[in-house]
Amino acid sequence: MIRFGLLILALLLSPLVKAQDSNTKVNYANVQLSDPEMEEQAYELMLKLRCIQCQSQSIADSDAPIAEAMRHQVRLRVKNGENNDDIKKWMIARYGDYVSFEPPSSGLSILLWVGPMLVFALAIFIVLPLFRNKEKTNEGDL
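These numbers were taken from a predicted model, which means no experiment stands behind them. (Residues numbered from 1 in each chain as written. Predicted model: local features only at pLDDT ≥ 70, side-chain atom pairs only at ≥ 80, totals over all residues. Heavy atoms only, no water.)

Student: Honestly, the overall build of the chain in this entry has me stumped. Any pointers?
Tutor: Of the regular secondary structure elements, the chain holds 5 helices and 0 strands. Sequence-ordered secondary structure for the chain, helices as α and strands as β, is α-α-α-α-α. Sequence separation of at least 24 residues holds for 55% of the intrachain contacts in the chain that already meet a minimum separation of 6. (Helix = DSSP H or I, 4+ residues; strand = E, 2+ residues; numbered from the N terminus. Contact = heavy atoms within 4.5 Å.)

This is the structure we're talking about:
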């Protein structure tokens, strides 16, 4: 009776196990395009796009499943005749500015670059008069 129950359980769970198969590869993820010029265009773009899982690797260098899916999309879109700017815009719209190694500059990003210099300059203007006043009081003590 226990064997029969285990057999029924195994038969019921077998479709779920098949659905969880993680070895499914994406068509264009690791297969180069037949046209060398298109493949070169796709590869150049892949070097400019960041893997969102690995974070420090391009999708051309990453082995992460999400990078495979991104490589597939790049090759598929290049094969369909899209240019690199359109593909990059699509990737940014889907994954955010972080996906690009060359994110567009915005007001906030400029503030992040200029902000520390402004804070440093402000600190100098605040601290410098304090040192001058201290020097004058020290001279009066002599």
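Here the narrative resumes, following the displayed structure.
Student: How should the packing of aromatic side chains be read in this particular structure?
Tutor: Each aromatic ring pair is described using two quantities: the centre-to-centre distance and the angle formed by the ring planes. A full pass over the atoms with the stated rule returns 0 aromatic pairs. A cation sits over an aromatic face here: arginine 50 above tyrosine 98, 4.3 Å from the ring centre. The cationic tip of arginine 77 hangs over the ring face of tryptophan 90; the distance from NZ or CZ to the ring centre is 3.7 Å. (Phe/Tyr/Trp six-rings, centres within 6.5 Å; stacked < 30°, edge-to-face > 60°. Lys NZ or Arg CZ within 6 Å of the ring centre and 35° of its normal.)

Student: Explanation requested: helix H4 (residues 84-95) in the structure shown.
Tutor: Working note: α-helix, 3.6 residues per turn, so residues spaced by three or four point in the same direction. With 12 residues, H4 extends 16 Å from end C-alpha to end C-alpha; this agrees with the ideal 16 Å at 1.5 Å per step. Turning to H4, its buried residues number three or more, namely Ile87, Lys88 and Met91. Each buried residue of H4 sits inside an arc of 100° when the element is viewed along its axis, so together they form one side. Looking at H4, the residues exposed on the side facing more than 90 degrees away from the buried face are Asp85, Lys89 and Ala93. In this structure, the buried side of H4 is in contact with helix H2 (36-48) and helix H3 (65-79). Just past H4, the residue glycine 96 takes up positive phi, approximately 95°. (Expected span 1.5 Å × (residues − 1). Buried < 20%, exposed > 50% of the residue type's maximum accessible area, 1.4 Å probe, protein only. Arc of directions from axis to C-beta.)

Student: So what exactly am I meant to see when it comes to the nonpolar core here?
Tutor: When a protein is soluble and globular, its nonpolar side chains tend to lie buried together. Leu49, Ile59, Val74, Val78 and Met91 are the most contacted members of the largest nonpolar core, which totals 15 residues. Elements represented by at least two residues in this core include exactly H2, H3 and H4. In terms of residue count, the dominant contributor to this core is H3 (4 residues). Ignoring any residue separated from it by four or fewer positions in sequence, one finds valine 78 in contact with Leu33, Met38, Gln41, Ala42 and Ile87. (Core = buried A, V, L, I, M, F, W, Y, C linked by side-chain atoms within 4.5 Å.)

Student: What's the story with the side chain of serine 100 in this structure? I'm lost.
Tutor: Residue position: serine 100 is located in the loop between H4 and helix H5 (107-141). For serine 100, the side chain forms a polar contact with the side chain of lysine 88, separated by 3.4 Å. Side-chain polar atoms of serine 100 contact the backbone nitrogen of glutamate 102, separated by 3.0 Å. Among all residues touching serine 100, those that are not within four sequence positions of it are Lys48, Arg50, Lys88 and Ile92. (Polar contact = N/O pair within 3.5 Å; in protein donor to acceptor, adjacent residues only side chain to side chain.)

Fair warning: the whole summary comes from geometry, so function is off the table for now.
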